[in-house]
Amino acid sequence: EPQIPDVIIDTDYTLTAAFGVVAASIVAVNHGVGGVIGGGFIALLASLFAVQATRLRFVFDKECFELKSVESLGSEELLDSGENIVVGGANRWAYNSFVNWDFYPSADFPILVYFKETQTPKEDGSEPGQIHFFPAIANVKQLKEQFELRGCASVSKD
């Protein structure tokens, strides 16, 4: 069986730029406090997306999809990203645990990347699994290609 090489998905700042443009537009059109607050909130989101796109990498290796962090700005060395801040445990999921993945609102206009897996244990002991969402801060075309190539299950939208 041929080996599929490990892939680090390219960073993509499109979402950051789009939110930045929307934030500036809101402030420019609405000169009052509401415009500053609304635009400021969107600008904060744009800043968060920029920081996360700079420090996080999505990696597909032989067995799993994993979230890693860059050691330092400009470094290519990847480190374990630590425990998942929402559900705990490693940010690493076996391909065979995927039951669905998608892009919202669409792959052509991605804001969020979604996947559901059955690997994460639940505290109450019920059926394991978790839904995950993350902003589209990586190349979505590459993510889609790797999800498909690695056999990650996806529910058809027909």
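Right, let's walk through the structure included here. Quick caveat: nothing in here was measured; it's all calculated off a predicted structure.

## A word on the packing of aromatic side chains
For the coordinates displayed, the defined rule picks out 18 aromatic pairs. Considering the side-chain rings of Trp101 and Phe147, the 5.0 Å spacing of their centres and the 35 degrees angle between planes classify their relative orientation as tilted. Pair noted here: Trp101 is in strand E6 (residues 98-105) and Phe147 is in helix H3 (residues 140-149), with a separation of 46 residues, a long-range link. One aromatic cluster is present, formed by Phe58, Phe60, Phe65, Trp93, Tyr95, Phe98, Trp101, Phe103, Phe115, Phe134 and Phe147 through successive ring pairs.

## Some remarks on the layout of surface pockets
Take a probe with the size of a water molecule and roll it over the atoms, and the empty space left behind shows itself. Computed from the structure, the largest pocket encloses a volume of approximately 580 Å³. Elements that contribute at least two residues to the lining of the largest pocket include exactly helix H2 (33-55), strand E2 (56-60), strand E3 (64-70) and strand E8 (130-135). Broken down by element, the residue count for the lining of the largest pocket peaks at 6 residues, all from E8. By residue class, the composition of the lining of the largest pocket is 15 nonpolar, 6 polar and 2 charged. Size it by volume and the second largest pocket reaches roughly 290 Å³. Taken together, 17 residues line the second largest pocket, and the ones lying closest to its centre are Thr14, Leu15, Asp108, Phe109 and Pro110. For the lining of the second largest pocket, the secondary structure elements donating two or more residues are helix H1 (14-29), strand E7 (110-117) and H3. When residues of the lining of the second largest pocket are assigned to their parent elements, the largest contribution, 5 residues, is made by H1. Among the residues forming the lining of the second largest pocket, the class breakdown is 12 nonpolar, 2 polar and 3 charged.

## A short note on the sheet that holds E8
Note on sheets: strands pair through backbone hydrogen bonds, and any given pair is parallel or antiparallel. Read across the open sheet, the 3 strands follow the order E6-E7-E8; overall the sheet is antiparallel. Of all the strands in the sheet, the pair left with one neighbour each is E6 and E8. When the angles between neighbouring strand axes are averaged without regard to direction, this sheet yields 15 degrees. Relative to E6, H3 is tilted by about 160 degrees, and along the sheet it contacts E6, E7 and E8.

## As for the pattern of salt bridges
Using the criterion set out here, one finds 5 salt bridges in the structure. A salt bridge links Arg92 to Glu63, with the shortest nitrogen-to-oxygen separation between them at 3.8 Å. Separated by 29 residues along the polypeptide, Arg92 in strand E5 (residues 92-94) and Glu63 in the loop between E2 and E3 bring together distant segments of the chain. Residue Glu63 is classed as partly exposed on the basis of its relative accessible area of 48%.

## Section: a nonpolar patch on the surface
A cluster of nonpolar side chains, contributed by Tyr104, Leu112, Ile131 and Phe133, occupies part of the molecular surface with about 360 Å² of accessible area. Structurally, Leu112 can be placed in strand E7. The exposure class assigned to Leu112 is partly exposed, which follows from its relative accessible area of 33%.

So, how was this worked out
- Residues numbered from 1 in each chain as written.
- Predicted model: local features only at pLDDT ≥ 70, side-chain atom pairs only at ≥ 80, totals over all residues.
- Heavy atoms only, no water.
- Phe/Tyr/Trp six-rings, centres within 6.5 Å; stacked < 30°, edge-to-face > 60°.
- Helix = DSSP H or I, 4+ residues; strand = E, 2+ residues; numbered from the N terminus.
- 1 Å grid on protein atoms, 1.4 Å probe; cavity = no way out; pocket = protein on both sides within 12 Å on 5 of 7 lines; lining within 4 Å.
- Points joined across faces, edges and corners; volume = space filled by probe spheres on them.
- Nonpolar A, V, L, I, M, F, W, Y, C, P; charged D, E, K, R; others polar.
- Pairing = 2+ DSSP bridges.
- Axes fitted to C-alpha atoms, helices over the stretch in contact; angles between N-to-C directions.
- Contact = heavy atoms within 4.5 Å.
- Salt bridge = Lys/Arg side-chain N within 4 Å of Asp/Glu carboxyl O.
- Buried < 20%, exposed > 50% of the residue type's maximum accessible area, 1.4 Å probe, protein only.
- Patch = residues over 30% accessible without salt bridge, like charges linked within 9 Å, V, L, I, M, F, W, Y side chains within 5 Å.
- Areas by Shrake-Rupley, 256 points an atom, 1.4 Å probe, with all protein chains shown as cover.

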